[in-house]
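# Results of the structural survey
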2 protein chains.
Amino acid sequence: MTQGSAEDSLIARYFKPLATDPGALGLVDDAAVLSSSGDDIVVTTDAIVEGVHYLATDPPDTIARKALRVNLSDLAAKGAAPAGFVLTLALRSKEDAWLRPFADALGEDTRTFACPLLGGDTVSTPGPQMISITAFGRVPNGRMVGRTGAKPGDRILVTGTIGDAALGLDVLTGGAAAAALASDPAAREALVSRYRVPQPRNVLAQAVREHASAAMDVSDGLAGDLTKLCAASGVSATVEVANVPLSAAAAGLIARNVVCVETLLAGGDDYEVLCTVPPAHSDALIAAGRAAGVVVTAIGTIVAGDERPRFLDGHGQELALTRLSYSHF
Amino acid sequence: MTQGSAEDSLIARYFKPLATDPGALGLVDDAAVLSSSGDDIVVTTDAIVEGVHYLATDPPDTIARKALRVNLSDLAAKGAAPAGFVLTLALRSKEDAWLRPFADALGEDTRTFACPLLGGDTVSTPGPQMISITAFGRVPNGRMVGRTGAKPGDRILVTGTIGDAALGLDVLTGGAAAAALASDPAAREALVSRYRVPQPRNVLAQAVREHASAAMDVSDGLAGDLTKLCAASGVSATVEVANVPLSAAAAGLIARNVVCVETLLAGGDDYEVLCTVPPAHSDALIAAGRAAGVVVTAIGTIVAGDERPRFLDGHGQELALTRLSYSHF
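Now for a description of the structure that goes with this document. Just so you know, these numbers come straight off a predicted model, no measurement behind them.

### Considerations on the pattern of salt bridges
For the structure shown, the criterion picks out 33 salt bridges over all chains. Arg194 of chain A is paired through a salt bridge with Asp164 of chain A; the nearest N and O atoms lie 3.5 Å apart. Taken together, the residues Arg194 of chain A in helix H6 (residues 185-196) and Asp164 of chain A in helix H4 (residues 164-172) connect sequence positions 30 residues apart. Residue classification places Arg194 of chain A among the buried residues on the basis of a relative accessible area of 15%. The exposure class of Asp164 of chain A is buried, given its relative accessible area of 2%. Residue Lys228 of chain B is joined to Asp220 of chain B by a salt bridge in which the shortest nitrogen-to-oxygen separation is 3.4 Å. What makes Lys228 of chain B buried here is its relative accessible area of 16%. Of the residues examined, Asp220 of chain B reaches a relative accessible area of 18% and is grouped as buried. One network of salt bridges, in which partners are shared, links Asp8 of chain A together with Asp220, Asp225 and Lys228 of chain B.

### A look at empty space enclosed by the protein
Scanning the model with the defined rule gives four cavities of 30 Å³ or more in all. As a volume, the largest cavity reaches approximately 70 Å³. Together, 16 residues line the largest cavity, and Ser36, Asp39 and Ile41 of chain A together with Asp39 and Ile41 of chain B are the ones closest to its centre. Tallied by class, residues from the lining of the largest cavity come to four nonpolar, eight polar and four charged. Surrounding the second largest cavity, Ala90, Thr125, Gly127, Pro128 and Met130 of chain A together with Ala90, Thr125, Pro128 and Met130 of chain B form its lining. In terms of residue class, the lining of the second largest cavity is made up of six nonpolar, three polar and no charged.

Calculation rules
- Residues numbered from 1 in each chain as written.
- Chains lettered and ligands numbered in written order.
- Predicted model: local features only at pLDDT ≥ 70, side-chain atom pairs only at ≥ 80, totals over all residues.
- Heavy atoms only, no water.
- Salt bridge = Lys/Arg side-chain N within 4 Å of Asp/Glu carboxyl O.
- Helix = DSSP H or I, 4+ residues; strand = E, 2+ residues; numbered from the N terminus.
- Buried < 20%, exposed > 50% of the residue type's maximum accessible area, 1.4 Å probe, protein only.
- 1 Å grid on protein atoms, 1.4 Å probe; cavity = no way out; pocket = protein on both sides within 12 Å on 5 of 7 lines; lining within 4 Å.
- Points joined across faces, edges and corners; volume = space filled by probe spheres on them.
- Nonpolar A, V, L, I, M, F, W, Y, C, P; charged D, E, K, R; others polar.

Here it is as structure tokens:
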């Protein structure tokens, strides 16, 4: 009907079915409403850029899932239940062949994680595509789990396995892992999937809220992220590297000296929950994980001090980590 | 201290001073908190892309203000008081010469509009820079002003003047207005300023909430935006084009046949409030504008029907608008 409605018709075609929350107003308004509920609203925002956070060759369905899930992972670590999200899509083209699988996969994830689309903005760019999401969660008043509450004596727990996504990226970019797994397509696929499609631990959000003294998601590398958490809490930490949970594929590559564990500790894109819990709560959180089908592993202990966390090998020797994080920046 | 902290130190240097709200947690967390207050949270998101929504030659301070103000304008039209925003910054470089004036101007606007920075994400891009903001406002429960409440008989009101920003862009890109105003630098500067630095009407948010039956901000052209509002409300409209408020510069360019009024009605980037009000409320909203120093002008009437709004000239003849909106897409 009008120029300017190119964006409107794109939104109606692809994204209106995802806007199931009444607060989205069917995407006909410029704004959405998060109704008052007595809960605090937790807000998190993460963008992914083509060629930086995902590969131009990644399928559109996995790009959609990654864009939402990196934000869902933040909500999980904060102990928040998803409430919805807004989406800014910077597109080079409007091809149905890209938008249709993107929107369908995003729609599936909105249902899987009960996190409806509330609104957004679609802009054209001559550059790399970019997906920026701001996601909202609810926690009871004053109950968001921060980074500043870790206390000496707290156990350090982490969900899932560490380093698989970094290995998946290595496979996709023809690194050492690709060569070493040339005859093992199942392992390659499992690692690539961990890079492309994070598995945010929202099922554990309530347990994190009930038990954790501090938490964050591991997105830039376990070593660097634990360092940030400790700095925010004014504490240090000791990690038993032998206890850091690894997938069979990752353990195999280490055993064959294809990669070293230091690389995995500093690898990005894990999207697991890293948290500290008072000792008396440790078993309860591990049990909550077991009940939810998520392995939760104790990897170390918070100690007093302001030094960088120490990562100890099986002989009690400190690993010299030359790199703590993966930096996109 | 760590790789990965390049982003952290950039945030600390430039953006932490803007994060004055306790819910921002000093920007040391991945998430922010909007505390429960019994109010509804209004959410809006708008991105601006270099070369699309602003010019690569625009100064960084005006880019910062535009990025925030296009979102503040949405909050104003929804009748919401600003509560804060999150910022996603996709940067090609981290030059202080760009970031310093950008952050300083953004900081000024956070104070001017009482809209603190709550969090964000900084990513690198090899492409055009992009600033994506999600802004939050508060309204009493159930009181957000939508687009769907316009009723036949309602007056159509608009704030400020229409078309100046489109003329400012024309000046900057060497169009007809640039040539016509070659000897009038003050007029050129006024129009350019309207393009680069919107003047969102947040001071009128409460009056809009008290009086308007429907409202939106004019961002893509008055004609197209009124068409959208009418479609959302299931009504039509009649606009007296002679009543559409124009600046002296714009009126002068029309009088000299440099541009036609149709161009201004379809021009983008006005960031004025367009609203419909029951006739008994019209004077009150106009008076509220006068008290706040914002001209509010009645330009037409909502009528029953589902035709496109009609724009009538001084002889009651309908203008044939070939274009209703400015489309970046």
